[in-house]
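What follows is each chain in one-letter form.
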Amino acid sequence: MRPAGYLLACLLAGLPFGSQGADVALARFAVSARVDAHVRLAPVDSDGALTLTSADLDRGYLDVTRRYALRTNAPDRVRLQVHPRVGYTTAVDIAGVGHTVRLHETSVELWPATGHDLEFVFRLWLAPGLAPGQYPLPVHVAAVVH
């Protein structure tokens, strides 16, 4: 009998594939798994560079919109930390979290309403004496799980 025929005959007969005298043992056990909470935040549409014009400097502020992709398996435990990082602003207003938050020299922590993409409007209050040109975004946004 060909090997494929033997296999088919064993399946139809309900016989084990090995020797006829082999013992079969069954065991039951419980398995559990724990998935740690994780979060990842990435800018969607910008490298972070800004262009300040003479009109921006005369007005005293610049509004900048930034989008971030937020991916997490624990949306109710995610906190956003916004850190100031460049000294060409006197303050930064952050809109997009339900209300406007003002950032000075210290970091702030925000609670996003969603676990998905986020959009912020940063109003950068410009320090006097700046020259028009390219500047980095004066804030760093990070996501953490609490």
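Cut-offs used in this document
Residues numbered from 1 in each chain as written. Predicted model: local features only at pLDDT ≥ 70, side-chain atom pairs only at ≥ 80, totals over all residues. Heavy atoms only, no water. Phe/Tyr/Trp six-rings, centres within 6.5 Å; stacked < 30°, edge-to-face > 60°. Helix = DSSP H or I, 4+ residues; strand = E, 2+ residues; numbered from the N terminus. Buried < 20%, exposed > 50% of the residue type's maximum accessible area, 1.4 Å probe, protein only. Salt bridge = Lys/Arg side-chain N within 4 Å of Asp/Glu carboxyl O. Pairing = 2+ DSSP bridges. Axes fitted to C-alpha atoms, helices over the stretch in contact; angles between N-to-C directions. Contact = heavy atoms within 4.5 Å. Core = buried A, V, L, I, M, F, W, Y, C linked by side-chain atoms within 4.5 Å. pLDDT = per-residue confidence, 0-100. Polar contact = N/O pair within 3.5 Å; in protein donor to acceptor, adjacent residues only side chain to side chain.

**Things to note about the packing of aromatic side chains**
Here is step 1: Scanning the entire structure with this criterion turns up four aromatic pairs.
Here is step 2: With centroids separated by 4.8 Å and ring planes inclined at 40°, the aromatic side chains of Y88 and Y135 adopt a geometry described as tilted. In this pair, Y88 sits in the loop between β4 (78-84) and β5 (89-95) while Y135 sits in strand β9 (residues 133-136), placing the two residues 47 residues apart along the sequence.
Here is step 3: You can call Y88 buried: its relative accessible area is 4%.

**A short note on the pattern of salt bridges**
Here is step 1: Evaluation of the coordinates by the stated rule reveals five salt bridges.
Here is step 2: Taking the shortest distance from any N to any O, the salt bridge between D36 and R34 comes out at 2.7 Å.
Here is step 3: On the accessibility criterion, D36 (48% relative accessible area) is partly exposed.

**So, the sheet that holds β4**
Here is step 1: Strand order in the open sheet formed by three strands is β7-β4-β10, with antiparallel pairing between adjacent strands. Of all strands in the sheet, those bounded by a partner on one side alone are β7 (108-110) and β10 (139-145). Pairwise comparison of adjacent strand axes, ignoring direction, gives a mean angle of 25° for this sheet.
Here is step 2: Note that β4 and β10 share seven bridges and pair antiparallel. In the sheet register, L80 faces β10, and the bridge partner there is A143.

**Section: the environment of V82**
Here is step 1: For V82, the location among the structural elements is in strand β4.
Here is step 2: Since its relative accessible area comes to 2%, V82 is described here as buried.
Here is step 3: With 25 residues separating them along the chain, V82 and S107 place their C-alpha atoms 5.6 Å apart.
Here is step 4: Setting aside chain neighbours within four positions, we find V82 in contact with I94, L103, S107, V108, L110, V139, H140 and V141.

**Quick word on the nonpolar core**
Here is step 1: Ranked by size, the top nonpolar core spans 27 residues in total, and within it V82, I94, L110, F120, F122 and L124 carry the most contacts.
Here is step 2: For this core, the secondary structure elements donating two or more residues are β2 (49-52), β3 (61-72), β4, β5, β6 (101-103), β7, β8 (118-126) and β10.
Here is step 3: Looking at this core element by element, the count peaks at five residues for β8.
Here is step 4: Ignoring anything within four residues of it in the chain, the contact list for L110 reads R79, L80, V82, I94, V97 and V101.

**Description of the confidence of the model for the chain**
Here is step 1: Residues of the chain with pLDDT of at least 70 account for 83%, and the chain-wide mean is 84.
Here is step 2: Within the chain, helix α2 (residues 54-59) carries the highest mean pLDDT (97), whereas helix α1 (residues 3-13) carries the lowest (56).

**Overview of the side chain of T72**
Here is step 1: With respect to the helices and strands, the residue T72 is situated in strand β3.
Here is step 2: At a separation of 2.7 Å, a polar atom in the side chain of T72 contacts the main-chain carbonyl oxygen of H38.
Here is step 3: A polar contact is formed between the side chain of T72 and the backbone nitrogen of A74, at a distance of 3.0 Å.

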